[in-house]
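One letter stands for each residue in the lines below.
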Amino acid sequence: IQMYPNTWWIVNLTAQLAQDFTTLTTDTATGSIAYSDSYPFYLKGYDAVFYQEWDFYSTFHTVSDIYDSIDIDYCAEVTKVSCAMLLWHNLITGTSPQVDEPQMNVYPNPVTTQLNIMLNGRADEVAEISIVTTENKTVSLQKKVLHNQTRALVTFDMAHLSPGVYFCKIKTNNQVKYKKIIKI
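This one's a predicted model, so the numbers in the text were calculated from it and none came from an experiment. (Residues numbered from 1 in each chain as written. Predicted model: local features only at pLDDT ≥ 70, side-chain atom pairs only at ≥ 80, totals over all residues. Heavy atoms only, no water.)

### Let's talk about the confidence of the model for the protein chain
Put simply, the protein chain has an average pLDDT of 80, and 85% of its residues get 70 or more. When pLDDT is averaged over each element of the protein chain, strand β9 (residues 164-171) comes out on top at 87 and strand β4 (residues 103-107) at the bottom at 79. When the criterion is pLDDT under 50, residues 95-101 qualifies, and its contacts beyond four places in sequence or with other chains add up to seven contacts. (pLDDT = per-residue confidence, 0-100. Helix = DSSP H or I, 4+ residues; strand = E, 2+ residues; numbered from the N terminus. Contact = heavy atoms within 4.5 Å.)

Here it is, written out as structure tokens:
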């Protein structure tokens, strides 16, 4: 997973999804790759990563680089990661955030042990983040201040909780939002 500056959260999410849904083993490299498809998105300010094969096959970018020389099973595994990223974004986090609306990206979901919450908000905004039951009873609580940044990672230990449905609740100065969490 090729990481651009400040995209460690996507690297961590990609690695977790690869572990959960594929046979791939991931590794991380840093530095921009100007010839990648993701680079123009990075230049425009989007968070991006670039998946790169560790050991290139022998016919890569040669006249013999044809369908018959491609490892289809490997391509299928990489495609699974890409699809998992799309599904995670669209089903778990919902649509693109509004500028002034606090957002949280919750992963992995379903969760077994550690829940990660990527909090996006305005600089210096105080957020109270809690894990609550379906009856809105708090089972874990953290306060986070976004010190001159708009993004913060918060983690919760979920190992001690019984399997079931919970909610991640984020309360800021003027809003309360919930995200459904499945504990397995």
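### Side note on the sheet that holds strand β3 (residues 49-50)
Taken together, three strands build an open sheet; the order of strands is β2-β1-β3 and the sheet is mixed. Two strands lie at the open edges of the sheet, namely β2 (29-30) and β3, each paired on one side alone. In this sheet, β3 lies alongside strand β1 (residues 2-3) in antiparallel orientation, the contact comprising two bridges. Residue Gln2 lies in a different strand from β3, and its bridge partner there is Phe50. (Pairing = 2+ DSSP bridges.)

### Brief notes about the pattern of salt bridges
Counted by the stated rule, this structure contains one salt bridge. With its nearest N and O atoms 2.8 Å apart, the salt bridge here joins Lys80 to Glu77. Of this pair, Lys80 and Glu77 both sit in helix α3 (residues 72-93), separated by three residues, roughly a single helical turn. (Salt bridge = Lys/Arg side-chain N within 4 Å of Asp/Glu carboxyl O.)

### Brief notes about the pairing of strand β10 (residues 176-183)
Only one face of β10 is buried: it carries Lys177, Lys179, Ile181 and Lys183, and the other face, with Val176, Tyr178, Lys180 and Ile182, is open. Here β9 pairs with β10 via eight bridges, running antiparallel. Note that in β10 the partner of Phe167 across the bridge is Lys180. (Buried < 20%, exposed > 50% of the residue type's maximum accessible area, 1.4 Å probe, protein only.)

### Focus: helix α1 (residues 8-21)
For α1, spanning 14 residues, the distance from its first C-alpha to its last is 20 Å, which sits close to the expected 20 Å at 1.5 Å a residue. Considered for burial, the residues of α1 that qualify are Trp9, Ile10, Val11, Leu13, Thr14, Leu17 and Ala18. (Expected span 1.5 Å × (residues − 1).)

### Points about the nonpolar core
Residues Leu115, Ile117, Ile129, Ile131 and Ile181 are the most contacted members of the largest nonpolar core, which totals 17 residues. Every element with two or more residues in this core is listed here: β4, β5 (114-120), β6 (126-132), β8 (151-157) and β9. Excluding its chain neighbours within four sequence positions, the residues that come into contact with Ile117 are Met104, Asn105, Val106, Ile129, Ala152, Leu153, Val154, Phe156 and Cys168. If you look at the next biggest cluster of nonpolar residues, it comprises 15 residues, including Val11, Val49, Val81 and Met85. (Core = buried A, V, L, I, M, F, W, Y, C linked by side-chain atoms within 4.5 Å.)

### Remarks on the packing of aromatic side chains
By the definition in use, this model includes four aromatic pairs. Taking 6.1 Å as the distance between ring centres and 40° as the angle between the ring planes, the aromatic pair formed by Tyr39 and Tyr42 counts as tilted. Taken together, the positions of Tyr39 and Tyr42, both in helix α2 (residues 39-43) and three residues apart, correspond to about one turn of that helix. Each residue in the set Tyr4, Tyr39 and Tyr42 is aromatic and connected to the rest through ring pairs, giving one cluster. (Phe/Tyr/Trp six-rings, centres within 6.5 Å; stacked < 30°, edge-to-face > 60°.)

### Some words on the environment of Lys144
By the element assignment, Lys144 lies in strand β7 (residues 138-145). In this structure Lys144 comes out as partly exposed when scored by relative accessible area, which is 28%.

### Topic: the side chain of Asn109
Relative to the assigned elements, Asn109 resides in the loop between β4 and β5. Taking the relative accessible area as the measure of exposure, Asn109 reaches 17% and is therefore buried. From its side chain, Asn109 meets the backbone oxygen of Lys180 in a polar contact 2.8 Å long. A polar contact is formed between the side chain of Asn109 and the backbone nitrogen of Ile182, at a distance of 2.9 Å. (Polar contact = N/O pair within 3.5 Å; in protein donor to acceptor, adjacent residues only side chain to side chain.)

### Some remarks on the pairing of β5
Of all seven residues in β5, six are buried, a share of seventy percent or more. Pairing between β5 and β8: seven bridges, direction antiparallel. Bridge pairing in β8 places Met118 opposite Leu153.

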